[in-house]
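Chain residues, written in single-letter form:
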Amino acid sequence: MKDKAKIIILAIIIILWMAFIFSMSAKNSTQSSDISGGFTYNVLNTFFANFRGLDKSIQDNIVEDLQFVVRKGAHFSAYAVLGGLCFVECSYFKRFNLKNKFTAAFLISVLYAASDEIHQYFVPGRSCEFRDVVIDSCGVLFGITVVVVFNIIKNKLKKSISR
């Protein structure tokens, strides 16, 4: 596939991922809590057989205690994907050196994270948290780092195979 087609397809994927993040942020506090609580409950139920045997009130307390970590993990993960996607997109622009690709991908992703937090300010029961932008930014850095490391390994394997 030509680079121009890849750039367009990847841009569409990035926009769709941003729309997914936006849709999750548009959920009110009850809906958001139900999603993270349901996810937490299903993970505990799947990986810990004893969890099912606990009293419902104990299960609810455990899920409630873990929801903060799950919610922040979701922030981190969503923005890791966005950062990685943006970096790959920037990689198709040959004029950019590594520093410029990193900077562009990081800025696009972090500015979107900040705008998403502002958006949440207007959603009932949600808030605008600087802490979440920091978590999102860490996710972006992680996502970009994963892509860079993957590319380094891929290039080393190509070189060793072509020898």
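Scroll up to find the structure.
Just so it is clear, the model here is predicted, and its values are computed rather than measured.

(A) Spotlight on the environment of His75. Mapped onto the fold, His75 is located in helix α3 (residues 56-91). The exposure class of His75 is buried, given its relative accessible area of 13%. Distance from His75 to Ser32, taken between C-alpha atoms, is 12 Å for residues 43 residues apart in sequence. Dropping the residues within four chain positions of it, His75 is found in contact with Glu117, Gln120, Asp132, Ile135 and Asp136. Within the local environment of His75, its side chain forms a polar contact with the side chain of Asp136, the two groups lying 2.8 Å apart.

(B) A look at the packing of helix α2 (residues 29-47) against α3. Contact geometry of α2 with α3 gives a least axis separation of 9 Å together with a crossing angle of 110°. Overall, the two elements α2 and α3 adopt an arrangement that is roughly perpendicular. For the element pair α2 and α3, the recorded crossing hand is right-handed. Contact residues: α2 offers Ser32, Ser33, Ser36, Gly37, Phe39, Thr40, Tyr41 and Leu44, while α3 offers Gln59, Ile62, Val63, Leu66, Gln67, Val70 and Arg71. The class makeup of the residues in the contact of α2 with α3 is 7 nonpolar, 7 polar and 1 charged.

(C) Quick peek at the side chain of Ser25. Topologically, Ser25 is positioned in helix α1 (residues 3-25). Given the relative accessible area of 4%, Ser25 is considered buried. There is a polar contact of 3.3 Å between the side chain of Ser25 and the side chain of Gln120.

(D) Here's a closer look at the layout of surface pockets. If you add up the space inside the largest pocket, you get close to 600 Å³. Considering the residues around the largest pocket, the lining is formed by 25 residues, among which Met24, Ser32, Arg71, Ala74 and His75 are closest to the centre. Among the elements that take part in the lining of the largest pocket, α3 stands out by supplying 8 residues, more than any other. Partitioning the lining of the largest pocket into residue classes produces 10 nonpolar, 9 polar and 6 charged. Its volume calculated, the second largest pocket comes out at about 360 Å³. Contributing to the lining of the second largest pocket are 16 residues, with Ser91, Val147, Asn151, Lys154 and Asn155 lying nearest its centre. Elements represented by at least two residues in the lining of the second largest pocket include exactly α3, α4 (98-121) and α5 (130-162). When grouped by side-chain class, the residues that make up the lining of the second largest pocket number 8 nonpolar, 3 polar and 5 charged.

Criteria and cut-off values
Counting restarts for each chain, with residues numbered from 1 along the sequence as it is written. Local features in a predicted model are, by the rule used here, given only for residues with pLDDT of at least 70; side-chain atom pairs are given and counted only at 80 or more, and totals for whole chains, interfaces and linings are based on all residues. With hydrogens and water set aside, each side-chain value is computed from the structure's full complement of heavy atoms. A run of DSSP states H or I qualifies as a helix once it reaches four residues; a run of E qualifies as a strand once it reaches two. Both are numbered from the N-terminal end. Buried residues are those whose accessible area, probed at 1.4 Å on protein chains only, stays under 20% of the maximum for their type, while exposed residues exceed 50% and partly exposed ones sit between those limits. Here, residues are in contact when the closest pair of their heavy atoms is within 4.5 Å. N or O atoms closer than or at 3.5 Å make up a polar contact, with two conditions inside protein: a donor-capable atom paired with an acceptor-capable one, and, for residues adjacent in sequence, both atoms drawn from side chains. Helix axes are fitted only over the stretch in contact, all axes being lines through C-alpha atoms; the angle between N-to-C directions runs from 0 to 180 degrees. Each angle is binned into one of four classes, with values under 35 degrees roughly parallel, values over 145 roughly antiparallel, values of 65 to 115 roughly perpendicular, and all other values oblique. A clockwise turn of the near helix away from the far one marks a right-handed crossing, whereas an anticlockwise turn of less than a right angle marks a left-handed crossing. Amino acids outside the nonpolar list (Ala, Val, Leu, Ile, Met, Phe, Trp, Tyr, Cys, Pro) and the charged list (Asp, Glu, Lys, Arg) are all regarded as polar, and Gly is one of them. The distinction between a cavity and a pocket rests on a 1 Å grid over the protein atoms alone: a 1.4 Å probe fits inside a cavity but cannot get out, while a pocket stays open yet meets protein on both sides within 12 Å along at least five of seven lines, and a residue with an atom within 4 Å of a point counts as lining. Grid points are joined across faces, edges and corners, and a volume is the space filled by probe spheres set on the points.

Nothing here speaks to function; it is geometry throughout.
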